[in-house]
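Fold and geometry: a report
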Amino acid sequence: MGKQHTATLLGDVALRLRASRIALDRSQTEVCAALGIARNRWGQWEHGRSFPAEDVIARYCDLYAISLDWLYRGQGGTMAPALVERCERARQDLQADDPSLASAALRSVAMDCEMALT
């Protein structure tokens, strides 16, 4: 995997983590407490500084019914349609709050959500 592909994937995963947490109406503190991790660790993942630890992200997906396929590949998989809709609303809110987030990675999240809604 090339550096550019890795950076793009890292950004995509970071945005999907943030959008899913917001869609679930959870704070970073709440998610971290549920997962037993430090808040700064989660923050690093949401900001694309590193990839999430596999064991922790698997627990996150199990706990909140998030599809691992969606987090890493943008494919809805087994996610409930209502959760996909909330994800789309969260993505729109993120974009409205910070127009600089309208990057290729965020557009990717939007397309993923739109595909899951159709």
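Refer to the structure printed above.
The structure contained in this document is the topic of the report that follows. (Residues numbered from 1 in each chain as written. Predicted model: local features only at pLDDT ≥ 70, side-chain atom pairs only at ≥ 80, totals over all residues. Heavy atoms only, no water.)

Within the protein, the regular secondary structure consists of 7 helices and 0 strands. Going residue by residue from the N terminus, the α and β elements of the protein occur as α-α-α-α-α-α-α. Burial statistics for the protein: of 118 residues in total, 43% are counted as buried. The long-range share in the protein, meaning contacts at least 24 apart out of those at least 6 apart in sequence, stands at 58%. (Helix = DSSP H or I, 4+ residues; strand = E, 2+ residues; numbered from the N terminus. Buried < 20%, exposed > 50% of the residue type's maximum accessible area, 1.4 Å probe, protein only. Contact = heavy atoms within 4.5 Å.)

Core analysis: the biggest nonpolar cluster contains 27 residues, and Leu17, Trp42, Tyr60, Ile66 and Leu71 have the highest contact counts within it. Listed by contribution, the elements that provide at least two residues to this core are helix 1 (3-23), helix 2 (28-35), helix 3 (39-46), helix 4 (54-64), helix 5 (68-73) and helix 6 (81-97). Look past the residues within four positions of tyrosine 60 in its chain and what remains in contact with it is Leu17, Ser20, Arg21, Leu24, Val31, Leu35, Trp42, Ala65, Ile66 and Leu71. (Core = buried A, V, L, I, M, F, W, Y, C linked by side-chain atoms within 4.5 Å.)

So, about helix 3. What helix 3 keeps buried is the set Trp42, Gly43, Trp45 and Glu46. Mapping the buried residues of helix 3 onto a view down its axis gives an arc of 160°, with all of them on the same face. Just downstream of helix 3, glycine 48 is the residue with a positive phi angle, here 70°. (Arc of directions from axis to C-beta.)

Scanning the model with the defined rule gives 3 aromatic pairs in all. Taking 5.0 Å as the distance between ring centres and 55° as the angle between the ring planes, the aromatic pair formed by tryptophan 42 and tyrosine 60 counts as tilted. One end of the pair, tryptophan 42, is in helix 3; the other, tyrosine 60, is in helix 4, and 18 residues separate them in sequence. Summarising the burial analysis for this pair, tryptophan 42 and tyrosine 60 share the class buried. A connected cluster of aromatic rings, assembled from ring pairs, spans Trp42, Trp45, Tyr60 and Tyr64. (Phe/Tyr/Trp six-rings, centres within 6.5 Å; stacked < 30°, edge-to-face > 60°.)

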